[in-house]
Amino acid sequence: MTLNEVRRWIDQRDYAMAVIRLECAILEGGRPDAELLAMLPDGVLSGSPLLQKAYGERLADAGRLAEAKELLQKSVKGFARQTFQQELLAAMASLADVHMRMGELHEAETLLIFLRNEYEREETAQGGHVPLAIARGAQLIGEESSRRLYYQAAFDAFDRAADPENGSRVLLEMLLDLGPALGSRIQESHALLCLRLTANPAVADYEAAYAAAALYFEERWEEASDAFAGLSHNKLPVVLDAALRCCGYIAMLRCGQVLPEEGLERLRDDVRRFASDASIQFQYACLGFERKREERNEAGARRALVQAEALAKLCASAQARTKVQAMQRDLDALVRDRDEKTEQGGLLWSVTCFGMMKFTRGNTEVADFRWKRRKAQELLLYLLLQPNYACPRDQLLEKLFADSDSDRKAGQLYVTIHSLKQVLREALGCEDAIIARGGVVKIGALLEQADVEKYRTLIRVGDQLWPSDRELAAELYEQAVQMYEELVPELPYIDWLDGFRNHYAEVQAATLKRLVYFAMEKSRYDAAESHCIGWLQVRPAEEEAYQGMIRLLMRQGKTAEANRWYRKLEAVCREELNVTPLPETTRLLQGEGI
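A few points on the structure. (Residues numbered from 1 in each chain as written. Predicted model: local features only at pLDDT ≥ 70, side-chain atom pairs only at ≥ 80, totals over all residues. Heavy atoms only, no water.)

Here the focus is the sheet that holds strand 6 (residues 440-443). Spatially, 4-6-5 is the arrangement adopted by the three strands of the open sheet, whose pairing is antiparallel. Here the strands that pair on one side only, and so sit at the sheet edges, are strand 4 (390-392) and strand 5 (434-437). Pairwise comparison of adjacent strand axes, ignoring direction, gives a mean angle of 15° for this sheet. Two elements, strand 5 and strand 6, share four bridges in a ladder whose sense is antiparallel. Bridge assignment links Ile 434 to a residue of strand 6, and that residue is Ile 443. Along the sheet, helix 21 (residues 393-400) contacts strand 4 and strand 6; its crossing angle with strand 4, the most-contacted strand, is approximately 85°. (Pairing = 2+ DSSP bridges. Helix = DSSP H or I, 4+ residues; strand = E, 2+ residues; numbered from the N terminus. Axes fitted to C-alpha atoms, helices over the stretch in contact; angles between N-to-C directions. Contact = heavy atoms within 4.5 Å.)

As structure tokens, then:
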């Protein structure tokens, strides 16, 4: 059955024929797409519990849980008035799953108890949906010890019904839920999936996802990372897709790779889109914990753990409880490591890049490094300027060794990393200061914070607050602009560093400009003048900065001083730019536009 065939009946308003064709396809094992079912008017759908069930399941797979719940509830009521016992129980099973994902555990428990009683009376007649629902919610009804058996029963039922797609889904769900507890059955199930793949290509996406998840639970991080990266996302139900994405990113973190920004943006978007799905939110909370743990951010990891614990109570999966327990152990280890370092005087270092580079820890300051290779100093600075102090190896080869022969770059980077490790070991006493693994080079457990990172954070948070709380945003901006100096002036002739210097100068100038006009609005003229001078120091040839100063002075009636600044601008324009000031600047001296 194709979309065009059903659309033809719908276009002719022969909805009865369209419904018959769709229902026949479902009873023969087909699964119409949500797009196809959405073409039917609500009044037509309401007359077919079978189509309501199919559409509700498709919407649940897409993460549209509220709509799915409404359709499945109507489907259950419709089947209850008919004699399709197996379809009624299957609809109840799908509804129970939606309730669980939405955290509506009491409603889910009521349905699951009924389904279990029906299943125990006539086990083989219920199809795969009923034992699958019981497996998913085993914790709610005291069946935790039989969870794996229910998963297996669901797979066997779908296998008997020649439904490879649902059978494959069961095996993947069982692996993600039970993980290492499956033991040798992990490989057995994978072999079974591979056999099904030869007979039905629809199993391919599930087989690839299963293989990646198996590597993940075996803690073969680099292989798992590569396997997850090769998956075709958006082809599986969103709840499984989210779990697989998070596993893939955790594998990347475990082997020292940098998470892609576009992937993180997708995750942030999903957190908003699937706010009502406790299962998906739990997966993202686990990933958030892993990111904070990797950054050795104890406070952030603790917040993520609290969120995951709350969400785990709304998830009936075995893996939720297991993951929370593992996260608690990881947090305890992080705290112990911090305590041990404190006792041993092994506190982390803070580093300054604005002005001369120096490392400080307590009362100790280290600025005089015995650099044996200038490239080692460049490498350290480049890593300090990267998000999370990490950078892909290929990017380092391109930026730091642009003038070298391509066949020599890799060897030069290796020697530079070795040299940098040696320098930091001698100067700071850190054995694992630089880590090169999985195609990424990063600074290890060395830093508490770099000043450039703090600067970026203050600016970023200030920008977020600016639309709603300008006073608080201005306070953060004030802290940031006071930190600014030229980046590492002892390294004046490095091409790639000029880009960073220009970037931070532009950020500083834009922030000072915002502070100037904010202070002027509040009639804080001394602060405005101080910020304007700072703006001119960063951008001494920027006419807009002179305009700000002249406007500020004219507002206070300081005409003579405003004229002196105008003459300075004239000199800059003449000597450096060979132009004259803009007409609007001249008009400011006449009191226009101030």
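Past the structure itself, the notes keep going.
All chains considered together, the criterion is met by 43 salt bridges. Between Glu 87 and Lys 53 there is a salt bridge, with the nearest N and O atoms lying 3.7 Å from each other. On the criterion of sequence distance, the pair formed by Glu 87 in helix 7 (residues 85-101) and Lys 53 in helix 5 (residues 49-61) is long-range, its members being 34 residues apart. When sorted by exposure, Glu 87 lands in the same class as Lys 53, which is buried. Across the pair Arg 501 and Asp 498 runs a salt bridge whose closest N-O atoms are separated by 3.7 Å. Placement of both Arg 501 and Asp 498 in helix 25 (residues 495-521) is noted, with a separation of three residues, approximately one turn of the helix. Residue Arg 501 is classed as buried on the basis of its relative accessible area, which comes to 11%. Owing to a relative accessible area of 33%, Asp 498 belongs among the partly exposed residues under this scheme. Taken together, the salt bridges that share partners define one network made up of Arg 254, Glu 290, Arg 293, Glu 294, Asp 330 and Lys 442. (Salt bridge = Lys/Arg side-chain N within 4 Å of Asp/Glu carboxyl O. Buried < 20%, exposed > 50% of the residue type's maximum accessible area, 1.4 Å probe, protein only.)

By the secondary structure assignment, Lys 442 is in strand 6. Assessed through its relative accessible area of 11%, Lys 442 is described here as buried. Within polar-contact distance, the side chain of Lys 442 engages the side chain of Glu 294 at 2.6 Å. Look past the residues within four positions of Lys 442 in its chain and what remains in contact with it is Gly 256, Glu 294, Leu 383, Tyr 389, Ala 390, Ala 433, Ile 434 and Ile 435. (Polar contact = N/O pair within 3.5 Å; in protein donor to acceptor, adjacent residues only side chain to side chain.)

A few words on empty space enclosed by the protein. Considering all chains together, one arrives at four cavities of 30 Å³ or more under this definition. The calculated volume of the largest cavity comes to roughly 470 Å³. As for the largest cavity, its lining consists of 25 residues, of which Glu 173, Val 239, Ser 279, Gln 283 and Ser 317 are closest to the centre. Every element with two or more residues in the lining of the largest cavity is listed here: helix 7, helix 11 (164-178), helix 15 (238-254), helix 17 (278-294) and helix 19 (318-343). Roughly 50 Å³ of internal volume is contained in the second largest cavity. Lining the second largest cavity are Val 238, Asp 241, Ala 242, Arg 245, Arg 266, Asp 270, Arg 273, Phe 274, Ile 280 and Tyr 284. Of all the elements in the fold, those that place two or more residues in the lining of the second largest cavity are helix 15, helix 16 (261-273) and helix 17. Ranked by residues supplied to the lining of the second largest cavity, first place goes to helix 15 with four residues. Here the residues of the lining of the second largest cavity are counted per class, giving five nonpolar, no polar and five charged. (1 Å grid on protein atoms, 1.4 Å probe; cavity = no way out; pocket = protein on both sides within 12 Å on 5 of 7 lines; lining within 4 Å. Points joined across faces, edges and corners; volume = space filled by probe spheres on them. Nonpolar A, V, L, I, M, F, W, Y, C, P; charged D, E, K, R; others polar.)

What follows is about the sheet that holds strand 2 (residues 358-361). Within the open sheet, the four strands sit side by side as 3-2-1-7. Their pairing is mixed. Edge positions in the open sheet fall to strand 3 (364-366) and strand 7 (447-450), since each of these has one partner strand only. The sheet shows a mean angle of 20° between the axes of neighbouring strands, direction not considered. In this structure, strand 2 lies alongside strand 3, joined through three bridges in antiparallel fashion. Within strand 3, the residue paired with Thr 360 across the bridge is Glu 365.

We now examine the nonpolar core. Leu 172 and Tyr 216 are the most contacted members of the largest nonpolar core, which has 97 residues in total. Looking at this core, the element that brings in the most residues is helix 15, giving 13 residues. Ignoring sequence-local partners within four residues, the contact set of Tyr 216 consists of Trp 221, Ala 224, Phe 228, Cys 247, Ile 250 and Ala 251. (Core = buried A, V, L, I, M, F, W, Y, C linked by side-chain atoms within 4.5 Å.)

As a further point, take unusual backbone geometry. The phi angle at Glu 219 is positive, at roughly 60°, despite the residue not being glycine. Looking at Glu 219, the relative accessible area reads 54%, which means it is exposed. We note that Ser 523 has phi near 60°; this positive angle belongs to a residue other than glycine.

This paragraph deals with the environment of Phe 84. Mapping Phe 84 onto the fold places it in the loop between helix 6 (65-80) and helix 7. Exposure remark for Phe 84: the relative accessible area of 44% places this residue in the partly exposed category. Sequence separation between Phe 84 and Tyr 525 is 441 residues, and the spatial gap between their C-alpha atoms is 80 Å.

So, about the packing of helix 27 (residues 543-555) against helix 28 (residues 559-577). The interhelical angle for the contact between helix 27 and helix 28, taken along N-to-C directions, is 170°, at an axis separation of 8 Å. Considering the angle they form, helix 27 stands roughly antiparallel to helix 28. Judged by the sense of rotation from one axis to the other, the crossing of helix 27 with helix 28 is left-handed. Counting all contacts with helix 27, which are made through Glu 543, Tyr 546, Met 549, Ile 550, Leu 553 and Met 554, the residues of helix 28 involved are Thr 559, Glu 561, Ala 562, Trp 565, Tyr 566, Lys 568, Leu 569 and Val 572. Looking at side-chain class alone, the contact of helix 27 with helix 28 contains 10 nonpolar, one polar and three charged residues. (Parallel < 35°, antiparallel > 145°, perpendicular 65-115°, else oblique. Left-handed = near helix turned anticlockwise from the far one by under 90°.)

Bringing the pairing of strand 1 (residues 349-352) into the picture now. Across the two faces of strand 1 the burial differs, with Trp 349 and Val 351 buried and Ser 350 and Thr 352 not buried at all. In this structure, strand 1 lies alongside strand 7, joined through three bridges in parallel fashion. Residue pairing in the sheet places Trp 349 in a bridge with Leu 447 of strand 7. One ladder, built from three bridges, connects strand 1 with strand 2; its direction is antiparallel. What sits directly across from Val 351, in strand 2, is Phe 359. Linking two consecutive strands that pair antiparallel, namely strand 1 and strand 2, is a turn of five residues; a positive phi of about 90° is found at Gly 355 within it.

Here the focus is the pairing of strand 6. Residues of strand 6 alternate between two faces, with Val 440 and Lys 442 on one and Val 441 and Ile 443 on the opposite face, all of them buried. Sheet topology places strand 4 next to strand 6; three bridges connect them, and they run antiparallel. When the sheet's bridge partners are listed, Pro 392 is paired in strand 6 with Val 440. Between strand 5 and strand 6, which pair antiparallel in sequence order, lie two residues; one of them, Gly 438, sits at a positive phi of approximately 60°.

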